[in-house]
Amino acid sequence: MPKVYSKEIKQEAWKLRSQGWSLGEISLKMGIPKNTLSIWVRDIQLTKSQIKRIKEKEIACAAMGRFLSAELTRKRIEEWKE
C-alpha cells in the first residue's frame, strides 16, 4: 500500500524545489523518495542560476565519489597483497 503524505509535506517539498533545491537534497531533508518528489514538483521551472547550482553540486559530488572509490580500491589491493 502506497504511503500517503499530507498536503503540508507536499507544500514544503514544493517550496524547497521552488527555492532551487535538488530532488536529492529535498529527499535527504524530508525522507521522501526522489521519484515521489519528482511527480509533486514536475511543473516547477527552475531559473538558470538554480540549474547551474545543482549541476555544479552534481559535478563536485561525482568528483568526491571518484576519490573515495579510488581510496577504497587502493585499500582493497593492499589487503589482497598481504
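This report concerns the structure included in the present document. (Residues numbered from 1 in each chain as written. Predicted model: local features only at pLDDT ≥ 70, side-chain atom pairs only at ≥ 80, totals over all residues. Heavy atoms only, no water.)

**Some thoughts on the packing of helix H1 (residues 7-18) against helix H3 (residues 34-41)**
For any two helices packed against each other, the geometry is given by the interaxial angle and the distance between the axes. Convention followed: For helices, the fitted line uses only the C-alpha atoms of the stretch in contact; every axis is such a line through C-alpha atoms, and the angle between N-to-C directions lies from 0 to 180 degrees. Counting from the N terminus, the helices are DSSP H or I runs at least four residues long and the strands are E runs at least two residues long. Angles are sorted into four bins: roughly parallel if under 35 degrees, roughly antiparallel if over 145, roughly perpendicular if 65 to 115, and oblique for all others. Contacts are residue-level and defined by heavy atoms, with any inter-residue pair within 4.5 Å sufficient. As a working rule, the residues Ala, Val, Leu, Ile, Met, Phe, Trp, Tyr, Cys and Pro are called nonpolar, Asp, Glu, Lys and Arg charged, and the rest polar, with Gly in that last group.
Direction vectors running N to C along H1 and H3 enclose 80°, while the axes themselves pass 10 Å from each other. Taken together, the axis directions place H1 and H3 in an arrangement best described as roughly perpendicular. When H1 is examined against H3, the residues Ile9, Lys10, Ala13, Trp14 and Arg17 are found in contact with a partner set consisting of Leu37, Trp40 and Val41. Grouping the amino acids of the contact of H1 with H3 by side-chain chemistry returns 6 nonpolar, no polar and 2 charged.

**Re the packing of aromatic side chains**
Rules: Pairing of aromatic side chains here covers Phe, Tyr and the six-membered ring of Trp, requires ring centres within 6.5 Å, and sorts the geometry by plane angle: under 30 degrees stacked, over 60 edge-to-face, intermediate tilted. For the exposure calls, accessible area comes from a 1.4 Å probe over protein chains only, and a residue counts as buried if that area is under 20% of its type's maximum, exposed if over 50%, partly exposed in between.
According to the stated counting rule, one finds 1 aromatic pair in the structure shown. Each ring, one from Tyr5 and one from Trp40, has its centre 5.2 Å from the other, and the planes form 80°; the classification is edge-to-face. Residue Tyr5 is located in the segment before H1, and its partner Trp40 is located in helix H3; the two are separated by 35 residues in the primary sequence. This pair shows no difference in class: Tyr5 is buried, exactly as Trp40 is.

**What to know about the nonpolar core**
Selection criterion: As used in this record, nonpolar core signifies buried Ala, Val, Leu, Ile, Met, Phe, Trp, Tyr and Cys residues forming a set joined through side-chain atoms within 4.5 Å.
The biggest cluster of nonpolar side chains holds 11 residues, and these are Tyr5, Ala13, Leu16, Ile26, Ile32, Leu37, Trp40, Val41, Ile44, Leu46 and Ile54. The set of elements that each furnish at least two residues to this core consists of H1 and H3. Among the elements that make up this core, the one with the highest residue count is H3 (3 residues). Once residues within four sequence positions are removed from consideration, Ile44 is found in contact with Trp14, Arg17 and Ser18.

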